[in-house]
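# Survey of secondary and tertiary structure
The lines below spell out each chain.
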Amino acid sequence: MALVAQAEALSAAGHDVIHLGVGEPDFPTPEAVLRAGQQALAEGRTRYTAAAGIEPLREAISGFYRSQFGVTVPAERILITPGASGGLQLLLSALVGPGDGVLLTDPGYPCNRHFVELVSGEPQPLLLTAENGWQVEPHAVAAAWRNNTRVALLASPDNPTGNVLPAANIAALADIARERDGALIIDEIYQGLVYDAPASSALAVADDVLVLNSFSKYFGMTGWRLGWVVVPPALVPDLERMAQNFFLAPSTPAQYAALAAFAPANLAELERRRAMLAERRALLCERLPELGFRIMGEPAGAFYLYLDASALTDDSYAFCQTLLARTHVALTPGVDFGTAHGPQRYLRVAYTCELARLEEALGRIRQFLEQQ
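A brief report on the enclosed structure follows. (Residues numbered from 1 in each chain as written. Predicted model: local features only at pLDDT ≥ 70, side-chain atom pairs only at ≥ 80, totals over all residues. Heavy atoms only, no water.)

### A short note on the sheet that holds strand 12 (residues 332–333)
Strands belonging to one sheet form pairs held by backbone hydrogen bonds; the direction of such a pair is parallel or antiparallel. This is how it is decided: A pair of strands counts as paired when DSSP detects no fewer than two bridges linking them. We count a stretch as a helix when DSSP gives it H or I for four or more residues in a row; a strand needs E for two or more, and each element gets its number in order from the N terminus.
One open sheet holds the four strands; their spatial order is 9-10-13-12, and the pairing between them is antiparallel. With partners counted over all chains shown, the strands left at the sheet margins are strand 9 (294–295) and strand 12, one partner each.

Right, dumping it as structure tokens:
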């Protein structure tokens, strides 16, 4: 975020900054969703809803699982939350007490350990390796599970690596958690953004997995702050009570806006955007290795590439600082994503700009490297 602040300051000073750091695509909220939100405001839909969200939206999400993934998820198991962050806070509050352990990948999304600490839990590292393509192997999870571990929190697709968990691995991981009387949470907020295979859900292979999702990434509603969780029926009353106490309710206008997200025409627009992201991914996968960056793992989803920059630097944070200052291209250093995997070697690129801007960024980086 310090680099983001520097990038914003450069932009405010009139410099042409290419933002490849923050995980927010350049696409606006789809027009159909905007219209639905405007209609909700015009109709005065601004009062509290039920803590678990409006029933039509829960039913729409249930229908989305059925039509897109062939999975039956009753609406009663779905709770609407203030973003995926609100959903994760609810899940960890329900499952984790003081001293309980939560397995978190390293590298992994940096805020997760703070959510664990918020409920006085113990973040427990699950070290992934570049040599293994950043894959989450069931035997490694079993070995890392301690006596006080209660939850394994994983993502598919993953931030920052872009990896997607195979169905067989999810099934094996669910077995491991079940055998240890624990829980498996799968973060699916990048669910629709996969490029080499159809999108899927962990719920297709393990009905008792707790799923975290969001309208931010695939649906293009980052600032609306709306997400959802899918949980076993026995957990619903606890989550509803906590949601009433923590948040009262999700944003009412955002919920009515989100109803339009599942319309066929809007889903077609989202697929068009996914195809554009696939083109950007292909460009970077071809051109970044030419500049000396190694693409690690199999980044089949999300909109990130996690790069080994060790041929160019032994301090990726300093590299990103200097690159930003000299070329006005903003990247994210690996230090954000863990400590044990050697983050000083790595950096993350978010392909969240149109192709012409990516070409410009590649040109600036090439010139920067040639002048080193």
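### A closer look at helix 12 (residues 355–370)
One turn of an α-helix holds 3.6 residues; hence residues three or four places apart share an orientation. Defined as follows: Multiplying 1.5 Å by the residue count of a helix minus one yields the expected span of that helix. We call a residue buried when its accessible area falls under 20% of the maximum for its residue type, exposed when it is over 50%, and partly exposed in between, using a 1.4 Å probe and counting protein chains only. Directions pointing from the helix axis toward each C-beta atom define the arc. Any pair of residues with heavy atoms lying within 4.5 Å of one another is described as a contacting pair.
Between its first and last C-alpha atoms helix 12 spans 23 Å; for 16 residues at 1.5 Å apiece the expected length is 22 Å, and the two agree. Buried within helix 12 we find Leu-358, Ala-361, Leu-362, Arg-364, Ile-365, Phe-368 and Leu-369. The buried residues of helix 12 all sit within an arc of 165° when viewed along its axis, so they share a single face. Turned more than 90 degrees from where helix 12 packs its buried face, Ala-356 and Glu-370 sit exposed. Buried-residue contacts for helix 12 involve strand 1 (18–19), helix 10 (264–287), helix 11 (316–327) and strand 11 (329–330).

### Section: the sheet that holds strand 3 (residues 101–106)
The test is simple: Note on geometry: axes are lines fitted to C-alpha atoms, helical ones only across the stretch in contact, with angles between N-to-C directions running from 0 to 180 degrees.
A sheet is described by the order of its strands in space; here seven strands give the open sequence 2-8-7-6-5-3-4, paired in mixed fashion. The sheet terminates laterally at strand 2 (78–81) and strand 4 (122–127), the two strands that pair on one side only. Each adjacent strand pair in this sheet contributes to an overall mean axis angle of 25°, direction not counted. When strand 5 (residues 149–155) meets strand 6 (residues 183–187), the two strands line up parallel, connected through five bridges. Paired with Val-151 across the two strands is Ala-183, which belongs to strand 6. Packed onto the sheet, helix 4 (residues 83–95) meets strand 2, strand 3, strand 5, strand 6, strand 7 (210–214) and strand 8 (227–230) and runs at close to 160° relative to strand 7.

### Describing unusual backbone geometry
Following Ser-156, the chain continues to Pro-157 via a peptide bond in cis, the omega torsion being -5°. Its place among the elements puts Pro-157 in the loop between strand 5 and helix 7 (167–179). The step from Asn-159 to Pro-160 runs through a cis peptide bond, and the omega angle for that step is 20°. Of note, Pro-160 is situated in the loop between strand 5 and helix 7. For Asp-181, which is not glycine, the phi torsion reads 55° and is therefore positive. Structurally, Asp-181 can be placed in the loop between helix 7 and strand 6.

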